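# Fold and contact review
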Amino acid sequence: MSIKITATSTCDLPAELLERYQITMVPLYVSFGGNTCRDGVDASPEDIFRHVEGGGQLPSTAAVNIADYQVLFGRLSPQYDAVLHITIGSEFSCCYQNALVAAEDYPNVYVVDSRNLTVGQGILAIAAAEAAERGESIEAILKLLDSLTGKVDTTFVVDKLDYLAKGGRCSSVVALGANLLKLKPCIVLSGGRMTVGKKYRGAFDKVLPDYVRDQLTDKDVDLDRVFVVHTRCDPAIPAAICELVRGCGFREVFTAVAGCTISCHCGPNTLGVIFLRK
């Protein structure tokens, strides 16, 4: 049985893994400077950071629309026994709802709400691709994803709250206070929603080892694979965190750079360690 795995661009998987597992990316949209661009195709996070740092307004993002999905599913559906599309969590975007509408015309297209974002979503896409390689049926893969969705451990630490304030996700007063006190909040994804966890205090690069130890302590961690995902950090920072998590016994450690959607919301200097729990 031939099964094709697709995912929204928000999965932020490195190119080597997209190639290894033949996962097709579907771009969301980002608008800034009077232009609407495709995430990762016509625009990069650096374009966004330059725009904002140059005095421009915070870009807005938009879901993959129904027409885009109809084109994608119309192209892939005749080529495979099944097409499986994994979206960014439905709490963060209407990609899932739009994909469901488009999939109504294609009986062999299946849509899964990852209830996650960035490589937390990507982990599910890889799991699906590996299951397809093993020859599992689409029904078995859907059951697998349902069991894994709640086991993805997605957290990240934000250096400054400026972008969150610009986007209306926290007040400018809170952002100013956090920045003055050098507070680095840990954002925790739980039940498809983002909440604020522990607040670290100090320089960004100094608090990250404490954050990593907190995330990997007293959890039944699946040591197969871990991702260190970030938005425009000094390269030495994710490199150091990779070494730290590698020492915890993970068999594969990957670095991923978050795309336009996450970068628009969090800004530069955001880093997360994302993995599966058993």
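Heads up: these notes are all about the structure in this document. Keep in mind that this is a model prediction, so the values were computed, not measured. Going along each chain's sequence as written, the residues are numbered from 1 onward. Local features in this predicted model are restricted to residues of pLDDT 70 or higher, and side-chain atom pairs are both shown and tallied only at a pLDDT of 80 or more, whereas totals for entire chains, interfaces and linings draw on every residue. Each side-chain value is worked out from all heavy atoms of the structure, with water and hydrogens disregarded.

## Looking at the overall build of the chain
Only DSSP runs of H or I covering at least 4 residues are called helices, and only runs of E covering at least 2 are called strands; the numbering of each starts at the N terminus. Helices and strands together make up the secondary structure of the chain, namely eleven helices and 14 strands. Using C-alpha atoms as the atom set, the radius of gyration is obtained and then compared with a globule rule of 2.2 Å times the number of residues to the power 0.38. Relative to the 2.2 N^0.38 estimate, which gives 19 Å for 278 residues, the radius of gyration of the chain is 18 Å and therefore close to what a compact globule would have. Accessibility here uses a 1.4 Å probe with only protein chains present; expressed as a share of the type maximum, an area under 20% marks a residue as buried, one over 50% as exposed, and anything in between as partly exposed. Expressed as a percentage of its 278 residues, the buried residues of the chain come to 51%. In the chain, the share of contacts with a sequence separation of at least 24, taken over all contacts with a separation of at least 6, comes to 76%. Accessible areas in this description were obtained via Shrake-Rupley with a 1.4 Å probe; residue shielding takes into account the shown protein chains only. Summed over its atoms, the accessible surface of the chain is roughly 12,300 Å², and 51% of this surface lies on carbon and sulfur atoms. When charges are counted, Lys and Arg are positive and Asp and Glu negative, with His and the chain ends excluded. Charged groups are reduced to one reference atom each: NZ for lysine, CZ for arginine, CG for aspartic acid, CD for glutamic acid. In the chain, 27 positive and 32 negative side-chain charges are present, and the distance between their average locations comes to 7 Å. The contact criterion used throughout is that any non-hydrogen atoms of two residues lie within 4.5 Å.

## Notes on the packing of aromatic side chains
Under the pairing criterion, centres of Phe, Tyr and Trp rings, with the six-membered ring standing for Trp, must be within 6.5 Å; the plane angle then separates stacked pairs below 30 degrees from edge-to-face pairs above 60, leaving the rest tilted. This structure, assessed with the given rule, holds five aromatic pairs. Look at Y200 and Y211: their rings are 6.4 Å apart centre to centre, the planes differ by 85 degrees, and that puts the pair in the edge-to-face class. Note that Y200 is positioned in strand β11 (residues 193–201) and Y211 in helix α9 (residues 204–216), a separation of eleven residues in sequence. For Y211, a relative accessible area of 0% corresponds to the buried category. Both rings, one in F250 and one in F275, keep their centres 6.3 Å apart while their planes meet at 50 degrees; by these two values the pair is tilted. Pair noted here: F250 is in the loop between α10 (236–246) and β13 (252–257) and F275 is in strand β14 (residues 270–277), with a separation of 25 residues, a long-range link. F250 sits in the buried class, given a relative accessible area of 6%.

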